[in-house]
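# Structure assessment
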Amino acid sequence: MLVRLGTARADEVAARMSLPPDDGQRLLAGLSDKGLAATADGADVYRPLPPEPALGTELLRRQESLEEARRGLAALSEEYLTSARRRYADQLVEIVVGAAALRERIRRLQDSAKTEMLWLCRANAVAMESAENTEEFDALDRGVHYQVIYERALLMEPGMQANVADGIRRGEEARSLRTLPVRLAVADRTTAICPLVRGDEGDVGEPSAAIIGRSQLLDALIALFLSHWDVATPVRIDGGVPDEEPDLPDESERFVLSLLVAGVPDKSIASQMGVSRRTVQRRLDRLMALAGVDTRPGLAFQAARRGWL
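All values derive from a computational prediction rather than experimental measurement.

## Some remarks on the pairing of strand β10 (residues 208-212)
The buried fraction of β10 amounts to five of the five residues, a majority that puts the element mostly inside the structure. Residue alternation in β10 divides its side chains into two sets, Ser-208, Ala-210 and Ile-212 and Ala-209 and Ile-211, and both sets are buried. Sheet topology note: the strand β4 (residues 93-97)/β10 ladder contains five bridges and is antiparallel. Residue pairing in the sheet places Glu-94 in a bridge with Ile-211 of β10.

## Remarks on the packing of aromatic side chains
Applying the stated criterion across every chain, the model contains one aromatic pair. Measuring from centroid to centroid gives 5.8 Å for Phe-225 and Trp-229, while their planes differ by 20°, and the two rings are stacked. Pair noted here: Phe-225 and Trp-229 are both in helix α9 (residues 216-231), with a separation of four residues, about one helical turn. By the burial criterion, Phe-225 is buried, and Trp-229 matches it. Stacked on the ring of Phe-137, the Lys or Arg Arg-170 has its end atom at 4.4 Å from the ring centre.

## What about helix α12 (residues 277-291)?
With 15 residues, α12 ought to run about 21 Å at 1.5 Å a step, and its terminal C-alpha atoms sit 21 Å apart, in line with that. Looking only at α12, the buried set comprises Thr-279, Val-280, Leu-284, Leu-287, Met-288, Leu-290 and Ala-291. On its buried face, α12 sits against α10 (251-261), α11 (266-273) and α13 (296-305).

## What about the side chain of Glu-135?
Checked against the element boundaries, Glu-135 lands in helix α6 (residues 134-141). According to the relative accessible area criterion, Glu-135 is buried, its value standing at 7%. Discounting chain neighbours no more than four positions away, the residues touching Glu-135 are Arg-70, Arg-107, Gln-110, Asp-111 and Tyr-146.

So, how was this worked out
- Residues numbered from 1 in each chain as written.
- Predicted model: local features only at pLDDT ≥ 70, side-chain atom pairs only at ≥ 80, totals over all residues.
- Heavy atoms only, no water.
- Buried < 20%, exposed > 50% of the residue type's maximum accessible area, 1.4 Å probe, protein only.
- Helix = DSSP H or I, 4+ residues; strand = E, 2+ residues; numbered from the N terminus.
- Pairing = 2+ DSSP bridges.
- Phe/Tyr/Trp six-rings, centres within 6.5 Å; stacked < 30°, edge-to-face > 60°.
- Lys NZ or Arg CZ within 6 Å of the ring centre and 35° of its normal.
- Expected span 1.5 Å × (residues − 1).
- Contact = heavy atoms within 4.5 Å.

Geometric values such as these leave the question of function open.
Printed below as a string of structure tokens:
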């Protein structure tokens, strides 16, 4: 009301709000104490102050408090599940149904991770697109190590190559394979999420997933990840080349090379990098010249032999 009026006395505020005069004075004094109002021409006349300085800081503090509480809840929930799984056999595997519930569990899994996340990322997301996974950047910033294997078709989806490059710059270790058998996320090698039913290919109902705690099943899933990691192709964007070594691939060439070895077509590489297909071919021609070969299979062999990837 004070913002709308511009200035007001306590009796005016009380009259407009059908309150006793003392309540008008109490309300205006309360606004003044919170930095939302100040006395104007006279001691009994108040004017509004900009609300952003007073309320913005308080809202930010509350937001940070809620975020801290959410992380605490996630950690407590995971600790409860770990304890329950040790005591009750039916708690070893929990079934989550619905895209929204699955997205929340994936976020909680990353929020609770302390040291490591292992991912098998297939094309055609079930619950959450890779670009929506902002929790990964938060986890990377606090020192969680990410090892991610991307299915080749996923790297061909619009915007994915830029998204993967962002993750690598933040510390993600990325590799690629032509196909992956399952989707999988594992936190600290203690808890895994493995989608079960897609729910978008004629199936009845929504997608579902298994939350798997410490068990031989979890050990098997970790072994599955590691076996694919060993044979996957590294996706690299780093490797800034010193000036005294001009005959090594630069950063963009190294990224193009890693995508080529992963089997991503020239057209997809060009469209996602915002360059022409001819530009991609020129970069590959330069790489073949550096490697002393005239075929792409020969380039891939020499890249591995010379440690370019």
